[in-house]
Amino acid sequence: MPHSTAFDTTPRDGHSMRPWTSQDDRLLIQLRELEHKSYPDISIKLDRTTRACQQHYARLVQEREARYFDWTDEIDHDIIEGRRQGLAFKAISSQIATIMNGKPISHQAIEYRWAELKRDNKVPADVLAIWARKADVVWSMEEDDCIVALWTKGFTDEQIARAGKFNGKGMDDVVKRRRELIKGEDPRYAKALGQKGGGNALDQALGVKKKYGWMK
């Protein structure tokens, strides 16, 4: 596996901005896929935050799947056209699976391929402009409160997008905003978990009570 350039930007025991090495990547995959370790256990082994381990593993899976998939001009065109229509990656995945007679391509792989297409300047300017405008989405305090409340109750991003009344905002918008609220350790998130004081809210949640299905 190539040397990783991703960084763990969340401090842990005095460490910050520490790059992930290829050795770290191999150990992370071994612990998760061969030894079936939980993310809290992996975080101790790698001396990183639980969130950093989870996010980096997801990135590695995306890269691996995208790297070995036989991308064609037709599929790239479908991805770009899907984004032109404002579709989320899951919707594009379902659409492509129908065209390919049920052959699945995960939405994570499509998301990674989309990033590659942008990097290689293969996405038309008008499509980029659509998503640039989406990046300027404004969230109300009530919408933020709704996202935080539902997430701490164990709702998935998809369930939050369906349950909440987010006028004019799609699934991708909800996912991005939820990540911003939690990554930024928004006080409302800590409050929803019943915490006082500072610290990483997600890591504290993992240590105190495993509330979600993915917290094995």
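Residues numbered from 1 in each chain as written. Predicted model: local features only at pLDDT ≥ 70, side-chain atom pairs only at ≥ 80, totals over all residues. Heavy atoms only, no water.

- Going by what an unreviewed UniProt entry lists, the protein chain is known as Myb-like domain-containing protein and is assigned to Paraphoma chrysanthemicola.

**Quick word on the overall build of the protein chain**
Moving on, step 1. Of regular secondary structure, the protein chain possesses 12 helices and two strands.
Moving on, step 2. Here the analysis covers contacts within the protein chain between residues at least 6 apart in sequence; of these, 54% occur between residues at least 24 apart.
Moving on, step 3. For the protein chain, the accessible surface area stands at approximately 12500 Å², while carbon and sulfur atoms represent 52% of it. (Helix = DSSP H or I, 4+ residues; strand = E, 2+ residues; numbered from the N terminus. Contact = heavy atoms within 4.5 Å. Areas by Shrake-Rupley, 256 points an atom, 1.4 Å probe, with all protein chains shown as cover.)

**Examining the pattern of salt bridges**
Two side chains with opposite charge may pair up if their charged atoms get near one another.
Moving on, step 1. Evaluated as defined, the whole model comprises 13 salt bridges.
Moving on, step 2. One salt bridge in this structure joins Asp-76 and Arg-113, with 2.8 Å as the shortest N-O distance. Of this pair, Asp-76 sits in helix α4 (residues 73-84) while Arg-113 is found in helix α6 (residues 107-119), placing the two residues 37 residues apart along the sequence. (Salt bridge = Lys/Arg side-chain N within 4 Å of Asp/Glu carboxyl O.)

**Digging into the side chain of Ser-43**
Moving on, step 1. As for its position among the elements, Ser-43 is in helix α2 (residues 39-46).
Moving on, step 2. Judged by relative accessible area, which is 3%, Ser-43 ranks as buried. (Buried < 20%, exposed > 50% of the residue type's maximum accessible area, 1.4 Å probe, protein only.)

**Some points on the side chain of Glu-143**
Moving on, step 1. Within the secondary structure layout, Glu-143 lies in helix α8 (residues 141-152).
Moving on, step 2. Among the residues examined, Glu-143 registers a relative accessible area of 11% and is labelled buried.
Moving on, step 3. Ignoring any residue separated from it by four or fewer positions in sequence, one finds Glu-143 in contact with Val-138, Lys-165, Phe-166, Asn-167 and Lys-169.

**Remarks on the nonpolar core**
Moving on, step 1. In this structure, Trp-71, Ile-75, Ile-79, Ile-96, Ile-105, Ile-110 and Trp-114 are the most contacted members of the largest nonpolar core, which totals 19 residues.
Moving on, step 2. Of all the elements in the fold, those that place two or more residues in this core are α4, α5 (89-99), α6 and α7 (125-134).
Moving on, step 3. Looking at this core, the element that brings in the most residues is α6, giving five residues.
Moving on, step 4. In this structure, Ile-96 is in contact with Ile-75, Asp-78, Ile-79, Ile-105 and Ile-110, ignoring residues within four places of it in sequence.
Moving on, step 5. Counting 11 residues, the second-largest nonpolar core is a separate cluster that includes Tyr-39, Ile-42, Ala-52 and Tyr-57. (Core = buried A, V, L, I, M, F, W, Y, C linked by side-chain atoms within 4.5 Å.)

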